[in-house]
Amino acid sequence: MAFFRSKLKTDLTELVRACQRQDSRAQVVFYDRYKGKLLGICVRYAKTVAEAEDIFQEGIMKIFSKIGEISNPESIDSWVKTIMIRHAIDYYNQVTRKENLSSSYENVEMEWQVDDHSAVLHRMDVEILLETINELPDGYRIVVNLYFIDGYKHFEIARMLGIMEATSRSQLARGRNLLFKLLEQKGIKQHEIL
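We now turn to the structure provided with this report. (Residues numbered from 1 in each chain as written. Predicted model: local features only at pLDDT ≥ 70, side-chain atom pairs only at ≥ 80, totals over all residues. Heavy atoms only, no water.)

With that out of the way, let us pick up the overall build of the chain. The secondary structure content of the chain amounts to ten helices and zero strands. Listed N to C, the secondary structure of the chain is α-α-α-α-α-α-α-α-α-α in terms of helices and strands. Counting across all 194 residues of the chain, residues that qualify as buried make up 43%. Taking all contacts inside the chain whose residues are at least 6 apart in sequence as the whole, residues at least 24 apart take part in 73%. Per element, the accessible surface of the chain, about 10900 Å² overall, is 51% carbon and sulfur. (Helix = DSSP H or I, 4+ residues; strand = E, 2+ residues; numbered from the N terminus. Buried < 20%, exposed > 50% of the residue type's maximum accessible area, 1.4 Å probe, protein only. Contact = heavy atoms within 4.5 Å. Areas by Shrake-Rupley, 256 points an atom, 1.4 Å probe, with all protein chains shown as cover.)

Attention shifts here to the nonpolar core. Core analysis: the biggest nonpolar cluster contains 53 residues, and F30, L38, I63, I76, L146 and L161 have the highest contact counts within it. Looking at this core, the elements that each hand over two or more residues are α1 (2-20), α2 (24-45), α3 (49-66), α4 (76-96), α6 (126-133), α7 (138-149), α8 (154-161) and α9 (165-185). At ten residues, α4 tops the list of elements feeding residues into this core. What I76 contacts, discounting residues up to four positions off in sequence, is L12, V16, F30, Y34, I67 and I70. (Core = buried A, V, L, I, M, F, W, Y, C linked by side-chain atoms within 4.5 Å.)

By secondary structure assignment, the location of H154 is in helix α8. Beyond its immediate stretch of four places on either side in the chain, H154 contacts Y147, E165, S168, R169 and L172.

Positionally, R176 belongs in helix α9. Residue classification places R176 among the buried residues on the basis of a relative accessible area of 11%. Sequence spacing of R176 and I133 is 43 residues, and the spatial spacing of their C-alpha atoms is 9.1 Å.

This part takes up the pattern of salt bridges. Side-chain pairs of opposite charge can arise where the charged atoms are in close proximity. Inspection of every chain in the model, using the stated rule, returns ten salt bridges. Where R25 meets D23, a salt bridge forms, and the shortest distance between an N and an O atom there is 3.8 Å. Under the relative-accessibility criterion, R25 is labelled exposed at 64%. Taking the shortest distance from any N to any O, the salt bridge between K186 and E135 comes out at 2.8 Å. Of this pair, K186 sits in the loop between α9 and α10 (190-193) while E135 sits in the loop between α6 and α7; the two residues are 51 residues apart in sequence, bridging distant segments of the chain. Salt bridges here are not isolated pairs; linked through shared partners, they connect R44, K81 and D150. (Salt bridge = Lys/Arg side-chain N within 4 Å of Asp/Glu carboxyl O.)

Structure below.
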């Protein structure tokens, strides 16, 4: 079994090295390898599928332009994901962020008292959860995605979005509460996901 894993690492290393040499066939293979996952990331951060596709196309170009910086090809998966998330956030900051991070949902009261929110979110149907997260206002949606889905800490989120750490925490709390409220409106009750 170890033989197959080392072969996979060798193939991935060879693929990255070929992309660094700007081999067009390797770039097509690379593109096909990551398209689904990266487009999925973009959909979570975009308002529409068309916007997600734009973010993806710009992000993949950024990845190909920076692939020469990779010295450890085995880390390419996490590097590619990080580049795409940061590009989606940059896109949001430059293009989409004309609205305030706050919204009319600011006064949503905390009705769900759950200590381990990430465990609750992990037990839910992924499709329903992502669909509901996409219904959140931009500020909440971005922070909920970064924190719960991608695992960033508040100081990292604050730095990426150009906000205070306290704002990140506040947006997460409000976004989480609104998320649970929206899920409840869809008929998903607290006792069903606990």
